[in-house]
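Chain and residue survey
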Amino acid sequence: MDSPVKDIAAGASPAASPDATRTAASPAGAAVTARAARAARLGPVALVVAGGLSVQFGSAVAVLLMPRAGALGVVTLRLVLAAAVLLIVCRPKVRGYGRADWGTVVAFGTAMAGMNILFYQAADRIPLGAAVTLEVLGPLVLSVIASRRLMNLLWAGLALGGVVLLSGGGFDRLDPVGAAFALGAGAMWATYIVFSARTGRRFPQADGLALAMAFGALLSLPFGVVEAGDKLLVPSTIGLGLAVALMSSVLPYTLELIALRRLPAPTFAILMSLEPAIAAGAGFLVLSQALALTDALAIALVIAASMGAVRTQMKRAAALPPQV
C-alpha cells in the first residue's frame, strides 16, 4: 500500500483534503479500502489460474500437432514464434544491464527450453494428465523446501496426495522413459519459477521474458531442425504452432511473470498443483481422454490445497503492517 511519503518522494502531491480524510475514515470508505486490498491480493492468483488454463489447453493443441512436426519440432515452433511475438511487442532494451542481469536471463531461458523439451518428450509417450501430474512434483518440492510456514507444508502435502491419487496410485504402467522425461520437466519447472521471479524483479515489464524466450528459442532450434526439417515451414503447421506459442508461452508466461512480482514463490508453487486438474480437463475436452471418479476426487484435493494456500497467503498479507 503506497503512503503519502512515497507520493511526495515521487514528486506527486498527497492531496489529503479534509473531505478525503473523512471519507477514508468513514465505514463506507473503510469497506471500499478493504475490497480494494482484497482485490489486490487476489489479482496475482487470478493471473496464475488464467495462465494455467491457457498453457494446458495449448499443450493439448500441441499434442495434436506432434504427428506433423514431432515433439522437438513443436517445442521449436512454440519457442521461436513466442520469442518473435514478445520481441516485436516488448522491444526490450539490451543496454544498461549488468552481468548478473544477463546471467538471470540465460538461466531463465535455459529453464524454459529444458522444461519444454522434456515435457513434450513426455507428452509424446504418456497421457497429458499423467505427464503434468509428474511434472508438478517439481513445484511441490520447491514449495516444501522454500516454505518456512507449517501451513504451507500441510497444503503441499494435501496437493501431493491429490497428485498421487490422480496418478492412479502408481506410475508403473507408464512408459518409464516418458515418466523420466516428465520428472525432469518438473525439476526444470521449479527452476523456471525461481528465475521467473528474479527476471521480473530485474527487468521492466516483460522485457526479461522476451530476452529469455529468445535465448530458449535459440537453444531449441537445432533439435527441432534435426527432427522436423522442412516440415516446420508448412503454413498450416506454422499456424498451429503460433496458436500453441500464444496459448502455452506468450500469455501464460507473461501472466506468471507479473504474478510472481507480488506472489511468494512457495504460494505460487502450490498453485501449480492445479495444473494436473486443468490438464485432465483439457485432455478430456480436446483429446477425448475420459476422467474416472478417482480423477475427480484428485482434482478436488488439488483445488482444495490451492485454495488453502491462497487463503493462508491472504491472511498473512493482511496481518502485515502497511509499507511506508
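Residues numbered from 1 in each chain as written. Predicted model: local features only at pLDDT ≥ 70, side-chain atom pairs only at ≥ 80, totals over all residues. Heavy atoms only, no water.

Take the overall build of the chain next. The helix and strand tally for the chain stands at 13 helices and 0 strands. From first element to last, N terminus to C terminus, the chain shows the α and β order α-α-α-α-α-α-α-α-α-α-α-α-α. In the chain, of all internal contacts separated by at least 6 residues, the share reaching a separation of at least 24 is 88%. (Helix = DSSP H or I, 4+ residues; strand = E, 2+ residues; numbered from the N terminus. Contact = heavy atoms within 4.5 Å.)

Here we come to the environment of L64. Mapped onto the secondary structure, L64 falls in helix α3 (residues 27-90). Taking C-alpha positions, L64 is 8.0 Å from L287, a pair spaced 223 residues apart along the chain. In contact with L64, other than residues within four places in its own chain, are V286 and L287.

Caution is warranted with low-pLDDT regions, since their predicted coordinates should not be read in detail. Per-residue confidence for the chain averages 78 on the pLDDT scale, and 77% of its residues sit at or above 70. In this model, residues 1-24 is a region of pLDDT below 50 whose contacts with residues beyond four sequence positions or in other chains number 12 contacts. (pLDDT = per-residue confidence, 0-100.)

Turning to unusual backbone geometry, a few remarks are in order. A positive phi angle is found at R91, which is not glycine, with a value near 45 degrees. Judged by its relative accessible area of 68%, R91 is exposed. The backbone phi angle of Q205 is positive, close to 50 degrees, even though this residue is not glycine. Relative to the elements of secondary structure, Q205 occurs in the loop between α8 (176-202) and α9 (207-228). (Buried < 20%, exposed > 50% of the residue type's maximum accessible area, 1.4 Å probe, protein only.)

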